[in-house]
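What follows is the residue order along each chain.
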Amino acid sequence: MTRFITSSFSHLILLIGILIMVVPVWMIFASSTHTSSMINMNGLQMFLGDSFYENYLRVLLYQGGFFKEITALKMFFNSFIMATGVAILSVVTSLMAAYALVYYRIKHATLLFWIIFITILVPLELRIFPTYSVMAELNLVNSYFGLIVPISASAIATLFFRQFYKTVPDELLESAKLDGANTWRFFIDFLIPLSKTMIVAMLIFMFVFGYNQYLWPLLVTTSEQYWTVVMGLKMMSGSIVHRFAFVMMSMVPPILIIILLQKHFIKGVFQDK
Amino acid sequence: MSFLDLKNVTKIYPNGTKAVHETSLSIDEGEFMVFVGPSGCGKSTLLRMVAGLEDITEGDINLDGKLMNEVDPSERDVAMVFQNYALYPHMNVYNNLAYGLKNRGIDKETIEQKVNDAAKLLQISDYLQRKPSMLSGGQRQRVAMGRAIVRNPKIFLFDEPLSNLDAKLRIQMRLEIKKLQQKVGVTSIFVTHDQVEAMTLADRLAVINNGIIEQLGTPIEIYDNPKSLFVAGFIGSPQMNFLDGNLKNKTLSAEGFEIKDINSDFEGEVTLGIRPEHLSQSENALISLKVELVEQLGSDNLVYGQLKNKKDFCYRCPGNQTIEKGSNLSLNIENNKYYIFDKSTGKRVN
Ligand SMILES: Nc1ncnc2c1ncn2[C@@H]1O[C@H](COP(=O)(O)OP(=O)(O)O)[C@@H](O)[C@H]1O
Ligand SMILES: [Mg+2]
């Protein structure tokens, strides 16, 4: 009986938590399906209206920006390229950096690792102007390359992969060597499959990280053609329901990625191997 | 030159530990060699140098007529079975066996043929699709063996492969390894700290102590004729009894008795060694033992007790003799089977 009470009590707390998180989102969604005049007169709505297609289609295809050159569709495309690029590039570089740190006889490998690691303490904002001038020198302003590469070195992912590699028993490498595998084959045939779930988890983290970037894309793009969704949230003008619709749509890609990969994601974070 | 030749091989680890001292050893093709010694004596280090997993500080290793010192382990054509098996956790049993063949660029049909043959030999055909985590300890052991056999390497190396198994399985697998090696006929080196394992498996065995081979020979040679105090104490179970004594004019004065006409000109402090199984009861014999404990193994009795001077002593007799706790036994050494060692150097003197 006491178990029933404590468990329903904890469920209640969880339910309240869920409501606090979900209700505002729901209100924005419900409101985004009404007309502007309706919202302006009656405030936020709890129930669905009947302007869903009208509002969302308009937002997707409307030529916005100062020069009326960019649509929301293009912004989603840009964000997708950027987030995917950041995710893939940072995971690949971290995998290889960690591999070199753990498996090659590098002098002061631990020191090197800690130097990489303390870059976590140096946020992008601190190095943003030097980084920008490098990109400007290289003529990479207003390009996907410029959007992606400068934020694609991840110390955190390197840390995760390094710690994982350190738990892989030495005998596995030795055994593979005696089976004729060189260092490259060991990387491809052993470390990558063994860290598969962790790779998926890191892809998700880095995708969301890339998708959420605001300051860097703002700085490194001057052409509206390269605007991303998160920039669009700030820049898009229009009536209140259209902004709501855009906000709702901006949440879709990260959620989609998590839903698609969640099976691996949960495995990767909560259980090794 | 024999099949595997170690010449003055020395290993000093980067931290200064000298694990192997100027060891020389020749192993013939098809021979089953066992390295035995206490933990930390350098057995694994020696084995891993043959495999190429450790650099050789000094000396030469020749395998099948080729100098191996600088050859990468992947090019040596040796196979190793590790203590924890080191199976590939993300591959099923089939791929565990096939991986080494694939790396050699062998075609698919031949690989399948070879894997199936090896699986049949080791009775693991039913598990080929399973991952290692779904196998019992004994099955994993077989897969590890299979992975070595399937490649038909120049030499098998085993590093204490049985120590993770329970006692019964260990004895069973020991037999199977011996049978398998005789069937396949591959030159093998087997490392163990267990002297029973060593005695039963070896064609020849090398008793290693502190990075030095103390004695090399067939199991019987080493049992019958130990060359040093260490070998005498290490080989044989229960352990040989050791008594202090003094040798002078071919007469040994031990604690409480004397042996005359000893075949040695050595004079001075010595240690007398007598195996528990080389004693028999008779009237008015040399040694008098006060029985404290009897272990009945069925076939044998192990009698533990003390001599007059309170020294612990063990006597092994057939299991059909009844021996009372607290009784006094009078024991003779059979056929002059005793060993005398120089007390200061541990070297055999008789
Ligand atoms: N990687 C290493 N670095 C330094 N010393 C080591 C290393 N591996 C083993 N040793 C030392 O070398 C000696 C022999 O070790 P090992 O060959 O593993 O012994 P065994 O296999 O006979 O138990 C031990 O004293 C051990 O501590
Ligand atoms: Mg060892």
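Let me begin by describing the structure that accompanies this report. None of the values given here were measured: they were computed from a predicted structure. Once a new chain begins, its residue numbering starts again from 1 and follows that chain's sequence as written. To read the labels, note that chains go from A and ligands from 1, taken in the order they are written. Note on the predicted model: pLDDT of at least 70 is required for a residue's local features to be given, and 80 or more for side-chain atom pairs to be given and counted; whole-chain, interface and lining totals, by contrast, use all residues. Water and hydrogen atoms play no part in the side-chain values, which are based on all heavy atoms of the structure.

1. Some details on the overall build of chain B
1) Next: Only DSSP runs of H or I covering at least 4 residues are called helices, and only runs of E covering at least 2 are called strands; the numbering of each starts at the N terminus. What chain B contains, in helices and strands, is 8 helices and 20 strands.
2) Next: Each principal axis of the C-alpha atoms in chain B carries an extent, and together these give about 75 × 45 × 35 Å.
3) Next: The classification of residues rests on relative accessible area computed with a 1.4 Å probe and restricted to protein chains. Under 20% of the type maximum is buried, over 50% is exposed, and intermediate values are partly exposed. Counting all 350 residues of chain B, 51% fall into the buried class.
4) Next: Residue contacts follow a heavy-atom distance rule, with two residues in contact if any of their heavy atoms lie within 4.5 Å. In chain B, the proportion of contacts linking residues at least 24 apart, taken out of those at least 6 apart, comes to 64%.
5) Next: Method for areas: the Shrake-Rupley scheme with a 1.4 Å probe, in which residue coverage is limited to the protein chains shown. For chain B, the computed accessible surface area is about 16300 Å², with 45% contributed by carbon and sulfur atoms.
6) Next: For this count, His and the chain ends are skipped, Lys and Arg are scored as positive, and Asp and Glu as negative. For the purpose of locating charges, the reference atoms are NZ of Lys, CZ of Arg, CG of Asp and CD of Glu. Side-chain charges in chain B split into 41 positive and 45 negative, and the spacing between the mean points of these groups amounts to 4 Å.

2. Focus on the packing of aromatic side chains
1) Next: For Phe, Tyr and Trp, where Trp contributes only its six-membered ring, two rings pair if their centres lie within 6.5 Å, and the inter-plane angle classes them as stacked under 30 degrees, edge-to-face over 60, or tilted in between. All chains considered together, the criterion is met by 28 aromatic pairs over all chains.
2) Next: Each ring, one from A:Tyr103 and one from A:Phe186, has its centre 5.5 Å from the other, and the planes form 70 degrees; the classification is edge-to-face. Of the two residues, A:Tyr103 is situated in helix α4 (residues 72–103) and A:Phe186 in helix α10 (residues 183–194); the sequence distance between them amounts to 83 residues.
3) Next: Clustering of aromatic rings is evident, with ring pairs tying together A:Tyr99, A:Tyr103, A:Tyr104, A:Phe164, A:Tyr165, A:Trp184, A:Phe186, A:Phe187, A:Phe190, B:Tyr88 and B:Tyr99.

3. Observations regarding the interface of chain B and chain A
1) Next: Contacts between the two partners involve 23 residues from chain B and, on the opposite side, 16 residues from chain A.
2) Next: Each partner contributes to the roughly 1700 Å² buried at the junction of chain B and chain A, and carbon and sulfur atoms together form 58% of this total.
3) Next: A 1.4 Å probe defines the accessible area here, and the buried area is the portion of it lost by two parts on being joined, summed over both. The largest share of the area that chain B buries against chain A comes from B:Tyr88, B:His90 and B:Tyr99, three residues that together contribute 30% of it.
4) Next: By salt bridge we mean one thing: a side-chain nitrogen of Lys or Arg within 4 Å of a carboxyl oxygen of Asp or Glu. Here A:Arg105 and B:Asp55 are joined by a salt bridge, their closest N and O atoms 4.0 Å apart.
5) Next: Polar contacts, as used here, are pairs of N or O atoms within 3.5 Å; protein pairs need one atom able to donate a hydrogen and one able to accept it. Residues neighboring in sequence count only if both atoms are side-chain atoms. For the interface between chain B and chain A, the tally reads 9 residue pairs in polar contact (both at pLDDT 80 or more).
6) Next: Within the residue set of the side of chain B that touches chain A, elements represented by two or more residues are α1 (43–51), β6 (78–81) and α2 (93–103) of chain B.
7) Next: With 4 residues, α2(B) is the single largest residue contributor to the side of chain B that touches chain A.
8) Next: Looking at the side of chain B that touches chain A residue by residue, the classes come out as 12 nonpolar, 6 polar and 5 charged. Basically, the charged four are Asp, Glu, Lys and Arg, the nonpolar ten are Ala, Val, Leu, Ile, Met, Phe, Trp, Tyr, Cys and Pro, and anything else, Gly included, counts as polar.

4. Focus: unusual backbone geometry
1) Next: Look at the link from B:Ser237 to B:Pro238: it is a cis peptide, with omega at 0 degrees.
2) Next: Turning to its location among the elements, B:Pro238 is positioned in the loop between α8 (229–234) and β11 (241–248).
3) Next: Positioned with a positive phi, A:Asn142 is a non-glycine residue whose angle comes to about 60 degrees.
4) Next: Relative to the elements of secondary structure, A:Asn142 occurs in the loop between α6 (128–137) and α7 (144–148).
5) Next: Backbone geometry places B:Asn210, a non-glycine residue, at a positive phi of 50 degrees.
6) Next: Within the element layout of this structure, B:Asn210 appears in the loop between β9 (204–209) and β10 (212–217).

5. Points about the side chain of B:Asn209
1) Next: One can find B:Asn209 in strand β9.
2) Next: Relative accessible area serves as the criterion here: at 16%, B:Asn209 is assigned to the buried category.

6. A look at the sheet that holds strand β17 (residues 300–306) of chain B
Paired through their backbone hydrogen bonds, the strands of a sheet run either parallel or antiparallel.
Residue and element names in this part refer to chain B.
1) Next: Should DSSP find at least two bridges between two strands, the strands are taken to pair. Strand order in the open sheet formed by 5 strands is β15-β19-β16-β17-β18, with antiparallel pairing between adjacent strands. Strand pairing shows two members of the sheet lacking a second neighbour, β15 (279–281) and β18 (312–318), which therefore form its edges. Shown here is a sheet whose adjacent strand axes are inclined to one another by a mean of 50 degrees, direction ignored. Working convention: axes come from line fits to C-alpha atoms, limited for helices to the stretch in contact. Angles between N-to-C directions cover 0 to 180 degrees.

7. Quick notes on the nonpolar core
1) Next: We define a nonpolar core as any set of buried Ala, Val, Leu, Ile, Met, Phe, Trp, Tyr and Cys residues linked to one another through side-chain atoms lying within 4.5 Å. Counting 45 residues, the largest nonpolar core has B:Val34, B:Val115 and B:Leu205 as the members making the most contacts within it.
2) Next: Setting aside its immediate chain neighbours within four residues, B:Val34 contacts B:Phe190, B:Thr192, B:Ala198, B:Leu201, B:Ala202, B:Arg204, B:Leu205 and B:Ala206.

8. Section: the site of ligand 1
Residue and element names in this part refer to chain B.
1) Next: Being near a molecule or strand, for a residue, means having at least one of its heavy atoms within 4 Å of it. Neighbouring residues of ligand 1: Tyr13, Asn15, Thr17, Ala19, Pro38, Ser39, Gly40, Cys41, Gly42, Lys43, Ser44 and Thr45.
2) Next: The contact in question runs from an oxygen atom of ligand 1 to an N or O atom on the backbone of Gly42, over 3.1 Å.
3) Next: With respect to ligand 1, the side chain of Ser44 contributes an N or O atom lying 2.5 Å from an oxygen atom.
4) Next: Starting from 560 Å² of accessible surface for ligand 1 in isolation, the protein chains cover 62%.

9. Description of the packing of α2(B) against helix α3 (residues 108–121) of chain B
Residues and elements named next belong to chain B.
1) Next: Put simply, α2 and α3 touch, their axes get as near as 10 Å, and they point 130 degrees apart. Considering their axes alone, α2 and α3 lie oblique with respect to each other. For the pair α2 and α3, the crossing hand works out as right-handed. Within the contact between the two elements, α2 uses Tyr94, Leu97, Ala98, Leu101 and Lys102 and α3 uses Ile111, Glu112, Lys114 and Val115.
2) Next: Among the residues forming the contact of α2 with α3, the class breakdown is 6 nonpolar, no polar and 3 charged. Reported orientations rely on four angle classes, namely roughly parallel under 35 degrees, roughly antiparallel over 145, roughly perpendicular from 65 to 115, and oblique for the rest. Two helices that cross are described as forming a left-handed crossing if the nearer one is turned anticlockwise from the farther one by less than a right angle, and a right-handed crossing if clockwise.

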